Amino acid sequence: MKNIPRRFDRISFRFNTCESAVRKVLSGLFSDRLVPPDRSLGDFYRVNRKCGSRDRNFINTCVYSILRRWGWLRTLMPQTVLDMIEQGNSGVLQRRDIAAMTLFSLLCDGNCDPDMLNELAQVAELIVPDTSADTPEERAFEASVIFGSAVKFSSSMLAPEEFCAMTPDAEDYAGYMKRLSVRPPMWIRFSSPEVRRAVLDEFDAKDIAYDLYKDFAASIYAGKVNLAGLESFQKGFFEVQDLASMCVTFACAPSAGERWYDACAGAGGKTLHLASLMNGKGSITAGDIRVSALEGLKKRARRAGWSNITVRPHDGGAWKGKHKFDGVLVDAPCSGSGVWRRNPGLQWRLTSRDVQSFAERQLAILENNAPAVKPGGRLVYATCSIFTAENEDVAMRFLERNRDFYAEKFSHPLSGKECCGAMRAGNGQADCDELFAFVMRRKEA
């Protein structure tokens, strides 16, 4: 028997494991009870404990690359196979099918290790085609030979066609579709200007590449980085928070000494930023229906050193508190379309009917929490959606039904341009997520 090189044996193991992960993720994504890809992978790793950090990095790269190119892969599959997969039956895929999907998707990325691609192809008995083109679309055309095809691809194929008409600007939507091909970087926010140098010095010492953004943030384009293990993180010198999310909190414009309510706080990224902008003075109440999320927020607040944050679980109904706030942030549950770059694949489970359902729920949540704003106070509505129905339409419907609120003018945190109520963060202004905010003020009594 031939001796199999150790590296080849490792690639073979990784591909076998990756094959299982792909099946699990696709089955969860298209099952009746949707399981998001990140949750499927988390469950997968809990069972497959032999996967080391490099194995996980390889699997994550392959799985998310496939999900990013799903709109293109759909055109390369026989319709009967595609239908079965999108009905939750990934068992219809053969080993060679998954290998072809993986190679095609990695070749579209254009930045994978050639040795790894060749060894992966050898495991699956495939030939790696030359993909020397400049754009993902052109590389996809060259890579489609793996499937015995020659297909021309466009970025508009990376999401269902019906969504284009649901955005306010077709040109902006086209730009977002192009950006879907590439995962955005990880963003961090410095807790204060004084600690920025200490954070960057540790990044330099650990060979963590970054791009500084103004004086309050930095982007990290490297692969998997264990930021939680850094001393500067443990000291609370920085938080992981996307730039677009920071823009929403900047739009809140809280002042030191004010009382704020973050009604849908979740893990608390915006809550912590509010505390930072208020320099720890005043108070912030963080609410959510998920008690576990608020428990995580309490830990994050302790690490960051903010003692002015309290948590308050609620049932999602109307505000029942006795005291009113200088400002209320309602970061409402939404379609998540603005973060498809980080959560690829979910666009294939969303419909226009789902978007309208989110919009009705968002309006109800906004109206439930508006009474918590004191006269003269600020109400900020936010989503991580790109759809008009969830954004401007919800805000306008709220103002029509609540005449004691009006849209407020403010400067866009990225561009500096004047906004009247509505703001879209990201939108090609920086390599980050796409978020929306609408700033309102309650009339004085």
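Rules used throughout
- Residues numbered from 1 in each chain as written.
- Predicted model: local features only at pLDDT ≥ 70, side-chain atom pairs only at ≥ 80, totals over all residues.
- Heavy atoms only, no water.
- pLDDT = per-residue confidence, 0-100.
- Contact = heavy atoms within 4.5 Å.
- Core = buried A, V, L, I, M, F, W, Y, C linked by side-chain atoms within 4.5 Å.
- Buried < 20%, exposed > 50% of the residue type's maximum accessible area, 1.4 Å probe, protein only.
- Axes fitted to C-alpha atoms, helices over the stretch in contact; angles between N-to-C directions.
- Helix = DSSP H or I, 4+ residues; strand = E, 2+ residues; numbered from the N terminus.
- Parallel < 35°, antiparallel > 145°, perpendicular 65-115°, else oblique.
- Left-handed = near helix turned anticlockwise from the far one by under 90°.
- Nonpolar A, V, L, I, M, F, W, Y, C, P; charged D, E, K, R; others polar.
- Salt bridge = Lys/Arg side-chain N within 4 Å of Asp/Glu carboxyl O.
- Phe/Tyr/Trp six-rings, centres within 6.5 Å; stacked < 30°, edge-to-face > 60°.

Confidence in the prediction for the protein chain averages 92 pLDDT; 97% of positions are at 70 or higher. Across residues 1-6, confidence stays below pLDDT 50; counting only partners more than four residues off in sequence or on other chains, it has 1 contact.

A separate point is the nonpolar core. The biggest cluster of nonpolar side chains holds 64 residues, and the ones touching the most others in it are Leu26, Ile59, Trp70, Phe104 and Trp340. Ignoring anything within four residues of it in the chain, the contact list for Phe104 reads Arg69, Trp72, Leu73, Leu76, Ala140, Ala143, Ser144, Ile146, Phe147 and Phe153. The next biggest cluster of nonpolar side chains, apart from the first, holds 38 residues, and it includes Ala244, Cys247, Ala251 and Met423.

On to the packing of helix H15 (residues 352-369) against helix H16 (residues 392-401), then. In contact at an axis separation of 10 Å, H15 and H16 are set at 45° when each is read in the N-to-C sense. With respect to each other, H15 and H16 are oriented oblique. Of the two elements, H15 crosses H16, and the hand of that crossing is right-handed. Between H15, through Ala359, Glu360, Gln362, Leu363, Leu366 and Glu367, and H16, the contact on the second element is made entirely by Val394, Arg397, Phe398 and Arg401. When its residues are assigned to classes, the contact of H15 with H16 shows 5 nonpolar, 1 polar and 4 charged.

Here we take up the packing of helix H6 (residues 95-109) against helix H8 (residues 136-143). At their nearest, the axes of H6 and H8 sit 8 Å apart, and the two run at 145° to each other. Crossing geometry of H6 relative to H8 is assigned as right-handed. For the pair H6 and H8, the contacting residues are Phe104, Leu107, Cys108 and Asp109 in the first and Pro136, Arg139, Ala140 and Ala143 in the second. The residue inventory of the contact of H6 with H8, partitioned by class, reads 6 nonpolar, no polar and 2 charged.

Now for the pattern of salt bridges. Scanning the entire structure with this criterion turns up 26 salt bridges. The salt bridge partner of Asp315 is Lys320, with a shortest N-O separation of 3.4 Å. For the pair shown, Asp315 and Lys320 are each scored as exposed. Between Glu360 and Arg397 there is a salt bridge whose closest N-O contact spans 3.1 Å. Linking Glu360 in helix H15 with Arg397 in helix H16, this pair joins segments that are 37 residues apart in sequence. With relative accessibility at 44%, the residue Glu360 sits in the partly exposed group. Linked through salt bridges whose partners overlap, the residues forming this network are Glu19, Arg23 and Arg95.

Its place among the elements puts Gln347 in the loop between strand E8 (325-331) and H15. Here Gln347 falls in the buried class, since its relative accessible area comes to 3%. Here Gln347 is in contact with Leu158, Ala159, Pro160, Phe163, Leu180 and Trp340, once residues within four sequence places are set aside.

This next bit is on the packing of aromatic side chains. We describe a pair of aromatic rings using the distance from one ring centre to the other and the angle between the two ring planes. One pass over the structure, following the stated rule, counts 20 aromatic pairs. Residues Phe203 and Tyr210 carry aromatic rings whose centres are separated by 5.9 Å and whose planes lie at 55° to one another, so their mutual orientation is tilted. In this structure Phe203 comes out as buried when scored by relative accessible area, which is 0%. Arranged with centres 5.8 Å apart and planes meeting at 80°, the rings of Tyr213 and Phe216 form a pair that is edge-to-face. Judged by its relative accessible area of 18%, Phe216 falls in the buried class. Clustering of aromatic rings is evident, with ring pairs tying together Trp72, Phe104, Phe147 and Phe153.

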